[in-house]
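# Residue-level structure breakdown
So the chains spell out like this:
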Amino acid sequence: MRYLLLVYAAAEEAAALDTRLALELAERGGLLAAHELEPVTTATSVRVRGAATLVADGPFAETCERLGGVYVVDLESLDEAIAVAARLPAARDGVVEIRPVVRREG
Amino acid sequence: MSSVATVFREEFGRSVAVLARTLGDLDLAEDAVQDAFATAVERWPRDGAPANPGAWILATARNRAIDRIRRDRTLAGKRELLARLEREAPPAPADDDALPDERLALVFACCHPALAVDAQVALTLRLLGGLTTEEVARAFLVPEATMAQRLVRAKKKVRAAGIPIRVPPPEALPDRLRAVHATLYLVFNQGYGPPPRDELCDEAIRLTRLLAVLLPDEPETLGLAALTLLHDARRAARLDAHGDLVLLEDQDRSLWDEARIAEGRRLLDRALALCRPGPYQVQAAIASLHSDPEPDRRRIAALYDRLAELAPSPVVELNRAVAVALAEGPSTGLALLDALAEELDGYHLLHAARADLLRRLDRPGEAGEAYRRALALAPSEPERRFLAGRLHELPNGG
């Protein structure tokens, strides 16, 4: 199963990713992507309404926690994904959202 | 000879569990087992029940699952699913012990914390208990369509999010078992009422007993089974002929179910022998003391002290205050209750307990005020009738 882990940190400066964990996952073959994101102040939101493309400064949703990084992992089940999420430092003061990636297979 | 109905209760969950574990798909498993029972309803009365009904249901359900997978054009990973079903050889029809019991894996999937609590409850009752969607809906007083949708969503989440159908590894077991206990206890309490819904209590007891068989060395599992049995033993005495609540001390003990009390106490003894105390065991011990002819009020109050240490919460403190009042007198209890007044101001039982102690202390004016407050907050009709009765009995009529 593939999962997207959205890492919301409580503070902008808090590390969203954990290098050791990422390496460990990579070794097990479970890591597809790991990216740290630039601060929310650099976010741009785009909407197309009718013929107009509306571009705005800032994130889509204002929350207390900032989306600071994303992982894409390939793991056996939700339980393994929960175990990985629980080891991220951001889970302690922020929150990690786990989203299964849609499977398309024959 | 077994009738379909008697086989159904036990074998529905068992067969769903085996297939769900093999297929990793609750929907497919449920439909296949449902089909198998539909076939049984047709054939058994005509041809007679098979020698081993459980094995027959499972083998038939397995064939139905294979048919469904073959027919389905859109299903992902068909070949893999069929291969898995082939690998799982059908059980020998004569040997009941050879039937695999995968229900524990299914319990943990149904009570997974990634599911909302009402979804956990619905899945558990439907898949493990074999209750129909309509029965589950009726028990929870929601429209059948709402419950059907809740079940569809829950099964979809299990599949799409990859919730595993397996017993968690040892390091995760304590947390996950707590979630299972909480869900089963919620089902029991929903059934306990008021108003009581016996079929939910029966189902909660059946499932906690099963869990206690599957996990014989988990003291809190045994404790929960003991607790539900000891409470349920008083079922026939809890309401009078008019459906009004009868307080524990006023209940007709001859109506208590001695067999359930004995079974609950046996389970509690086994739990305590494992020397790992927990909140369910303490509550079961309290219920056990209450079942004595002359309940030892001091020991009950001491157990509430222990419970407040193990599982601190304002509601436990409220129960502790009531126990202390019975052991040491109403004024000591009242002081403890008053300390909770702010936190539990919106909870009818705080005001009901205060009213009762004020009544015992001959302070009818304040008692009346507290009864009226409890009455305004009480969520169920039997409780309101009880409180109104008490209010009416006060010397000045409240």
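Residues numbered from 1 in each chain as written. Chains lettered and ligands numbered in written order. Predicted model: local features only at pLDDT ≥ 70, side-chain atom pairs only at ≥ 80, totals over all residues. Heavy atoms only, no water.

Along chain B, the regular secondary structure elements total 20 helices and zero strands. C-alpha extents for chain B along the principal axes are approximately 75 × 45 × 40 Å. The contacts of chain B with a sequence gap of at least 6 include a subset with a gap of at least 24, amounting to 64%. Surface exposure of chain B reaches about 18600 Å², of which carbon and sulfur atoms provide 53%. Counting 53 positive and 60 negative side-chain charges, chain B places the centres of these two groups 5 Å from one another. (Helix = DSSP H or I, 4+ residues; strand = E, 2+ residues; numbered from the N terminus. Contact = heavy atoms within 4.5 Å. Areas by Shrake-Rupley, 256 points an atom, 1.4 Å probe, with all protein chains shown as cover. Lys, Arg positive; Asp, Glu negative; His and termini not counted. Charge placed at Lys NZ, Arg CZ, Asp CG, Glu CD.)

Here the focus is the overall build of chain A. In terms of helices and strands, chain A carries three helices and six strands. Starting at the N terminus and ending at the C terminus, chain A contains elements arranged as β-α-β-β-β-β-α-α-β. Projected onto the principal axes, the alpha-carbon positions of chain A cover approximately 45 × 40 × 20 Å. Taking contacts inside chain A between residues at least 6 apart in sequence as the whole, the part at least 24 apart equals 77%.

Residue and element names in this part refer to chain A. Along strand E4 (residues 52-57), only zero of the six residues are buried, which leaves the element largely exposed. As paired elements, strand E3 (residues 44-49) and E4 share six bridges and run antiparallel to each other. Paired with Val48 across the strands is Thr53, a residue of E4. Between E3 and E4, which follow one another and run antiparallel, lie two residues, and Gly50 among them has a positive phi close to 65°. (Buried < 20%, exposed > 50% of the residue type's maximum accessible area, 1.4 Å probe, protein only. Pairing = 2+ DSSP bridges.)

Attention shifts here to helix H20 (residues 381-393) of chain B. Residues and elements named next belong to chain B. In this model H20 runs 18 Å from its N-terminal to its C-terminal C-alpha over 13 residues, within 8% of the 18 Å that 1.5 Å per residue would give. Where H20 is concerned, the buried positions are Pro382, Glu383, Leu387, Arg390 and Leu391. For H20, the elements touching its buried residues are helix H18 (348-360) and helix H19 (364-377). (Expected span 1.5 Å × (residues − 1).)

Right, let's talk about the interface of chain B and chain A for a bit. Each partner contributes to the interface: chain B provides 14 residues, whereas chain A provides twelve residues. Where chain B abuts chain A, roughly 820 Å² becomes buried across the two surfaces, and 47% of that area is made up of carbon and sulfur atoms. Across the pair A:Asp79 and B:Arg166 runs a salt bridge whose closest N-O atoms are separated by 3.6 Å. Counting the contacts that link chain B with chain A gives six residue pairs in polar contact (both at pLDDT 80 or more). For the side of chain B that touches chain A, the element with the most residues is helix H8 (residues 144-161) of chain B, which contributes three residues. Each residue belonging to the side of chain B that touches chain A can be placed in one class, and the counts come to seven nonpolar, three polar and four charged. (Buried area = accessible area lost by both parts, 1.4 Å probe. Salt bridge = Lys/Arg side-chain N within 4 Å of Asp/Glu carboxyl O. Polar contact = N/O pair within 3.5 Å; in protein donor to acceptor, adjacent residues only side chain to side chain. Nonpolar A, V, L, I, M, F, W, Y, C, P; charged D, E, K, R; others polar.)

Turning next to the packing of aromatic side chains. All names here are of chain B. Under the criterion given, the structure shown has six aromatic pairs over all chains. Measuring from centroid to centroid gives 5.5 Å for Tyr185 and Tyr280, while their planes differ by 85°, and the two rings are edge-to-face. Highlighted residues: Tyr185 in helix H9 (residues 173-192) and Tyr280 in helix H14 (residues 279-290), separated in sequence by 95 residues. Across the pair, Tyr280 and Tyr185 agree in class, each one buried. Both rings, one in Phe188 and one in Tyr192, keep their centres 5.5 Å apart while their planes meet at 25°; by these two values the pair is stacked. Placement of the pair is Phe188 and Tyr192 together in helix H9, with a separation of four residues, close to one helical turn. We note that Phe188, like Tyr192, is buried. When the ring centre of Trp256 is taken as origin, the NZ or CZ atom of Arg234, which lies over that ring, is 5.7 Å away. Cation over ring: Arg238 sits above Tyr192, and NZ or CZ is 3.6 Å from the ring centre. (Phe/Tyr/Trp six-rings, centres within 6.5 Å; stacked < 30°, edge-to-face > 60°. Lys NZ or Arg CZ within 6 Å of the ring centre and 35° of its normal.)

Once that is clear, we can look at the sheet that holds strand E1 (residues 2-9) of chain A. All names here are of chain A. Taken in spatial order, the four strands of this open sheet run E2-E5-E1-E6, and their pairing is antiparallel. Looking at the sheet topology across the chains shown, the edges are occupied by strand E2 (31-36) and strand E6 (95-100). Put simply, the sheet's adjacent strands are angled 15° from each other on average, direction ignored. Sheet topology note: the E1/strand E5 (residues 66-74) ladder contains eight bridges and is antiparallel. (Axes fitted to C-alpha atoms, helices over the stretch in contact; angles between N-to-C directions.)

Bringing the nonpolar core into the picture now. All names here are of chain B. With 112 residues, the main nonpolar core has Leu19, Leu106 and Leu123 as its most contacted residues. The dominant element in this core, judged by the number of residues it contributes, is helix H1 (residues 4-23), at ten residues. Excluding residues within four positions of it along the chain, Leu106 makes contact with Gly13, Val16, Ala17, Ala20, Leu26, Leu127, Leu128 and Ile165. Counting 21 residues, the second largest nonpolar core, distinct from the first, contains Ala321, Leu334, Leu344 and Ala353. (Core = buried A, V, L, I, M, F, W, Y, C linked by side-chain atoms within 4.5 Å.)

Take the side chain of B:Thr60 next. Among the structural elements, B:Thr60 can be located in helix H3 (residues 53-71). At 2.7 Å, the side chain of B:Thr60 and the backbone oxygen of B:Trp56 are in polar contact.

Residue and element names in this part refer to chain B. This model, assessed by the stated rule, comprises 40 salt bridges over all chains. The closest approach of N and O atoms between Glu80 and Arg84, which form a salt bridge, is 2.9 Å. Here Arg84 and Glu80 lie together in helix H4 (residues 78-87), a separation of four residues that amounts to about one turn. Given a relative accessible area of 26%, Arg84 falls into the partly exposed group. For the salt bridge of Arg373 with Asp345, the shortest nitrogen-to-oxygen distance reads 3.0 Å. Here Arg373, found in helix H19, pairs with Asp345, found in the loop between helix H17 (330-340) and H18; they are 28 residues apart in sequence, far enough to count as distant. With relative accessibility at 33%, the residue Asp345 sits in the partly exposed group.

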